[in-house]
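Listed below are the residues making up each chain.
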Amino acid sequence: MNLYKRIGYLLILALSTSCEDVIDVNLNTAEPRLVIDANISWAKGTDGSQQTIRLSTTADYYAAEVPPVSGAEVLIANSSGEEFHFVETSEAGRYDCGNFVPVIGEEYRLTIINNGHTYTASEKLIEMPEISAVEQDGVSFFGNEWIRIKVYYPDNGEEGNFYLSEVNTAFLATPTRTLIDNELSQGNRIQVDFMHEDLEVGNEVTFRIGGISRRFFHYMTLLEEVTSGGAFSTPPANIRGNIVNQTDGSEYALGYFRLSEVEVISYVVK
Amino acid sequence: MKPSFFAAFFILMISKAFSQGISVDLKNPTLRDVFQQVENQSNYKFAYDDGLPLSNSVGTDLNIKNAAIDEVIATLNEKLPYNFVPKGKNIAVLLKTEPFQKPKDSQASSYTYSGVVLDEANEPLMGATIYIRERQTGAVTDENGAFSITLSRGAHTARISHIGFSDREITLNLTGDVHETYVLDADGEVLDEVLVTSIKNSAEIKNPQMSMNRLSVAEIKRMPAALGEPDPLKSILQLPGVTNAGEASSGFNVRGGAADQNLILLDGVPILGDSHLFGFFSIFNADALSGLELYKGGIPAGYGGRVSSVLDVHQKTGDDRDFYINGDIGLISSRLMAEGPLKKDQSSFMLAGRSSYAHLFLKLTENLRDNVAYFYDFNAKLSHRLGPNDNLYFSGYHGRDVFNIGGEFASRYGNSVANLRWQHRFSDKLISNLSAMYSMYLFELDLNIVDFGWENSVTNYGLKYDFNHYFSDDFILNYGAQAVFYDFNPGTLTAKGENSSFNSTQLDRKYAMEPAIYIDAEHKFSERFSVRYGARYSLFYRIGSEEIKQYEGDRAVVFNPDFQLYEGATPTGSVHYGSGKTISSFGNIEPRMGISYAFNEDMSVKASYNRMAQYIHLLANTQSPIPINLWTPSGPFIDPQQLDQIALGYFMNFKGGDFSLETEVFHKTVQNRIDYIDGANLIANNAIEQVILNGEARAHGLEVLLKKNTGRLTGWVAYTLSRAEQRTPGRTPEETGIANGEWYRSPYDKLHDISVTGGYQLDSRWTLGANFAFQTGRPVTFPDGQYEFGGIKIPNYGSRNDSRLPAYHHLDLSATYVPKSKKEKKLQGEWVFSLYNVYGRNNAASINFRTNEETGINEAVRLSIFGIVPGISYNFKF
């Protein structure tokens, strides 16, 4: 239905003498809050030992950079109590681990101690099926022929499964994200598309698709809503992830701790 | 001044010189004649209010010979329906306000004088007055043009008048009950559109109905419209207390209510989707309509089912004597309307069609062939006189929007509506209307690009039996019963082709029945004091067959205290209800009351109270409505909405009704207003109860409407000061609710709202129109910071709806040109030129916060829908 909203939006632009322009809006800035960017991803065919967690705070909306948070203690423990420590690197706010051991379905617990507050989060590492096929075709869209790349993988058909696809190619500044749930596609061959009017023969397109939890799916859905905006978006809300401040619940942290197995595939447009 | 005036003046001067006293010998003169004669033969001047109908005949002959001034005054007091009071050298002319004293023998020989007043096109004329001179009493026709008066045996003179039409005077000699049909001729020989400027829209002083506005199609057509497409729904935005989400947005908000809280009726049938092209235009083709009424409060008991307002839209009844064709060629659409008799004086038809041009995607691409975006609609009304006491009416509407983008994306949606009504007069005092109704909204979508097909719909079948019972001039009872059966299809998903990754799925259909009975009394206690009171008893049954999911503690939404957010609960099982089995039921008694107290003919205060219940809800959480229109019934997890509204008003006509002032204050509260958990997915969701919370809403405000009703310049200034808020508190102390459970501004809260609408009749060919609107910007939520997650810059939002878009205002102009029509030619044409948003204000439809793709810097981007939009259309009629 997101496509539908986008079409509606295009229609508004087409029908009217509408225009978009950048304007100055004075905004307030709230007190800074800790942000935890703990995306653990295990690409198929690697050992997954190298992982990174980033800590920062919120900043003024128009600021070019967000302030990093240094000097925190960051660790992940698995269900048997084995700890993987993340050490701050020369890049402020970046904490790396070189000996992480990913196991599908294993429940991990993240602990971060910063400024005397302890933040924790628990999440399972979610499995990703193997990509079974990649196809290319053309789509006539708004009177133009667009190249489309389609990637397929099987859904296991046993439970509610959720996936996050990130597609990148040289001319994109940020990857194109797609959130997929199998509610309407239970047990089917799932199709992930990428099409773009600038896509040409010879472009290399990278698909990075991971299994995610239901809660992370909802979290990312909200993130998409607040970043895409537009007349057909839902009212923006503050997005709470899965991180809990054990010291003081009101001083909550933003961000998410998620673990995904990911399938990465590159395709050169023919 | 005309020469005849001079002549008359001269003769009168001579007659004055030769006689001592005053002589008046006139056959049924006008007041003006009388005044002139008396003034010319004496030193006295008549003093009167501008509203005095100087040109109306007094209805009696005057024969005064050589009399002194006090004798003349005595005669005038005796013969004319006014009080003449000498004050110095002036004679004040006052309306007789003392209540009528009934003749003593009235109970012995009183009869009913009833009838119907129609215009030339046989449309019922609402608001026509029937004045019985001898009795100084009268009646006003209702929406069917009907009236009923109790009179004593003997001779009476009735004057039937409606502003904009020539008066008719009828002499009655009552020896029994009579029922008559009167057709009033339009006042003058000009086009209807020109006529309108002389229709007097003065405030209704003595009618206890308040919070109601009426617009005729002629008024609607005169208002400048975006892209020159006259639009009844956009026109009501110029009324006090009515706003919408912004330009090119469907729906409207009445007194801080949501768009789904408006009962929109087309010839009595509820309409479930009101817009074309994502809200650019409404589904109402102005050519097919005769007018509309909007009830914002004090809603009569005959209406029910939505809490905020009733918009009662009437289709035109075809002329039953002559054929007419009306056409309109505009920038967006072309319209054609034909009407005429099927059998002269017995049955008539009205058929109208409208279609937009299919290639509206001009800006998108040079290659137009594959892309289609248009809408069409058909309106029909048939009427047939079965006999002196029976009429049969059929009303129909069918409209669709059609989109097809290169065959990859196709959508089609719209309403189909039908109503068959049998009107039967049991007696002059009892009229009934039996209606069978059908209304359906269908939304279809094909995404061939992903082999996906979708359809959802809601269908209503209704039966309604209404009675209007005229007990006396002072007591009318309206009562009736109705029942509506609902069939909701929340979604049918079709996998297209073998490769589709989707499973064909039918979401659980839902069924419901909504019966109601009502009684409504219009009771005039005295000339000053009238009350309209009544009640509606509405019921709602959610019925099977349906599988209802069960949840622990009956809570389909649970609160996660760790992350402080709401989540869908996991069902513990489900219960199957067989076909026709009651799943849940609700009942509401809805009292309604309106009081008016008139200080005099021109000034009154009114008060009203209404309680309303609403059992079906539109599921929508986007900032602008999308045409999918998912309605859902109340049931095990969704309670009916319930509204209480009180309003007080002060109404005044001055300068003889040339100007009127209507001021109202209102306060309303709504229980069980649906709110959604953050990120709720409403489409293709088979467990909608898992994303819904019950909240409440409230609104209060002040509305001022100052109108100029007559003259070359007519129009109004409307000002509304209001506040609309809602809240969804937590169900337990641990829960945060939505927006921390505090009151927050509704998305349609507009603190100030000023609308100015004017029309100016320049000469017989040119009419000018202007609209100006100013509104406080819509409440929005702005970010108070940003953060980064996974390489994405994310705005962090402050308190909900705490900021506002910049003020919204625009000025629109229109000019209507009627070329001089040659007498022998039947064709009458008219050009309408319009300019929307004259000074090119870039009104913000929304402000989006996003990261610039090239610089990576965050920025605020304003989307404005309309710049300056010129429009032109040609209307013709023959």
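Report follows, based on the coordinates. This one's a predicted model, so the numbers in the text were calculated from it and none came from an experiment.

## Digging into the overall build of chain A
Turning to step 1, where the next piece is worked out: Counting secondary structure elements, chain A contains two helices and 16 strands.
Turning to step 2, where the next piece is worked out: Relative to the compact-globule value of 18 Å for 270 residues, chain A shows a C-alpha radius of gyration of 20 Å, a close match.
Turning to step 3, where the next piece is worked out: Taken along its principal axes, the extent of the C-alpha atoms in chain A is 60 × 50 × 35 Å.
Turning to step 4, where the next piece is worked out: Of all 270 residues assigned to chain A, the portion counted as buried reaches 53%.
Turning to step 5, where the next piece is worked out: Considering only intrachain contacts with a sequence separation of at least 6, the fraction spanning at least 24 residues in chain A is 64%.
Turning to step 6, where the next piece is worked out: When the accessible area of chain A is evaluated, it comes to approximately 11,800 Å², of which 46% is carbon and sulfur surface.
Turning to step 7, where the next piece is worked out: Taking the average place of the 18 positive charges on the side chains of chain A and the average place of its 39 negative ones, the gap between the two points comes to 4 Å.

## Considering unusual backbone geometry
Residue and element names in this part refer to chain B.
Turning to step 1, where the next piece is worked out: Glycine 544 connects to serine 545 through a cis peptide bond whose omega is 15 degrees.
Turning to step 2, where the next piece is worked out: When you line up the elements, serine 545 lands in the loop between β33 (529-543) and β34 (546-550).
Turning to step 3, where the next piece is worked out: Its identity as a non-glycine residue notwithstanding, aspartate 345 has a phi of 60 degrees, on the positive side.
Turning to step 4, where the next piece is worked out: Of note, the phi angle at alanine 739 is positive, near 50 degrees, even though the residue is not glycine.
Turning to step 5, where the next piece is worked out: Inspection of the secondary structure puts alanine 739 in the loop between β45 (713-727) and β46 (744-745).

## A word on the packing of aromatic side chains
Turning to step 1, where the next piece is worked out: Applying the stated rule across the entire model yields 44 aromatic pairs over all chains.
Turning to step 2, where the next piece is worked out: Consider the rings of Tyr376(B) and Phe378(B), whose centres lie 5.8 Å apart with planes at 55 degrees: the pair is tilted.
Turning to step 3, where the next piece is worked out: For Tyr376(B), a relative accessible area of 18% translates into the label buried.
Turning to step 4, where the next piece is worked out: Chaining the aromatic ring pairs together yields one cluster made of Trp766(B), Tyr817(B), Trp831(B), Phe833(B), Tyr874(B), Phe876(B) and Phe878(B).
Turning to step 5, where the next piece is worked out: Geometry around Tyr252(A) places Arg240(A) over its ring, the cationic atom sitting 3.8 Å from the centre.
Turning to step 6, where the next piece is worked out: Just above the ring of Trp743(B) sits the side chain of Arg698(B); from NZ or CZ to the centre is 3.8 Å.

## Overview of the interface of chain A and chain B
How big an interface is tends to be reported as the loss of accessible area on association of its parts.
Turning to step 1, where the next piece is worked out: With 85 residues of chain A in contact, the opposing surface of chain B contributes 87 residues.
Turning to step 2, where the next piece is worked out: Both faces considered, chain A and chain B share a buried interface measuring about 7,900 Å² in area, 61% of it formed by carbon and sulfur atoms.
Turning to step 3, where the next piece is worked out: For Asp21(A), the salt bridge goes to Arg862(B), with nearest N and O atoms at 2.7 Å.
Turning to step 4, where the next piece is worked out: Linking chain A with chain B are 15 residue pairs in polar contact (both at pLDDT 80 or more), by the criterion used here.
Turning to step 5, where the next piece is worked out: When contributions to the side of chain A that touches chain B are tallied by element, the ones reaching two or more residues are α1 (2-15), β1 (19-23), β2 (34-43), β3 (51-57), β9 (133-141), β13 (189-196), α2 (214-228) and β16 (254-268) of chain A.
Turning to step 6, where the next piece is worked out: Counting residues per element, the side of chain A that touches chain B draws most heavily on α1(A), at eleven residues.
Turning to step 7, where the next piece is worked out: Partitioned by chemical class, the residues of the side of chain A that touches chain B number 48 nonpolar, 25 polar and twelve charged.
Turning to step 8, where the next piece is worked out: The pairing of β1(A) with strand β56 (residues 858-864) of chain B spans five bridges and is classified as antiparallel. Bridge assignment links Ile23(A) to a residue of β56(B), and that residue is Ala860(B).

## Quick word on the sheet that holds strand β21 (residues 309-315) of chain B
All names here are of chain B.
Turning to step 1, where the next piece is worked out: Spatial strand order, β13-β20-β21-β16-β17: five strands in an open sheet with mixed pairing. Looking at the sheet topology across the chains shown, the edges are occupied by β13 (212-216) and β17 (269-270).
Turning to step 2, where the next piece is worked out: With six bridges connecting them, strand β20 (residues 289-295) and β21 associate as antiparallel partners. Bridged to leucine 289 within β21 is glutamine 315.

Cut-off values and rules
Residues numbered from 1 in each chain as written. Chains lettered and ligands numbered in written order. Predicted model: local features only at pLDDT ≥ 70, side-chain atom pairs only at ≥ 80, totals over all residues. Heavy atoms only, no water. Helix = DSSP H or I, 4+ residues; strand = E, 2+ residues; numbered from the N terminus. Rg over C-alpha atoms; globule rule 2.2 N^0.38 Å. Buried < 20%, exposed > 50% of the residue type's maximum accessible area, 1.4 Å probe, protein only. Contact = heavy atoms within 4.5 Å. Areas by Shrake-Rupley, 256 points an atom, 1.4 Å probe, with all protein chains shown as cover. Lys, Arg positive; Asp, Glu negative; His and termini not counted. Charge placed at Lys NZ, Arg CZ, Asp CG, Glu CD. Phe/Tyr/Trp six-rings, centres within 6.5 Å; stacked < 30°, edge-to-face > 60°. Lys NZ or Arg CZ within 6 Å of the ring centre and 35° of its normal. Buried area = accessible area lost by both parts, 1.4 Å probe. Salt bridge = Lys/Arg side-chain N within 4 Å of Asp/Glu carboxyl O. Polar contact = N/O pair within 3.5 Å; in protein donor to acceptor, adjacent residues only side chain to side chain. Nonpolar A, V, L, I, M, F, W, Y, C, P; charged D, E, K, R; others polar. Pairing = 2+ DSSP bridges.

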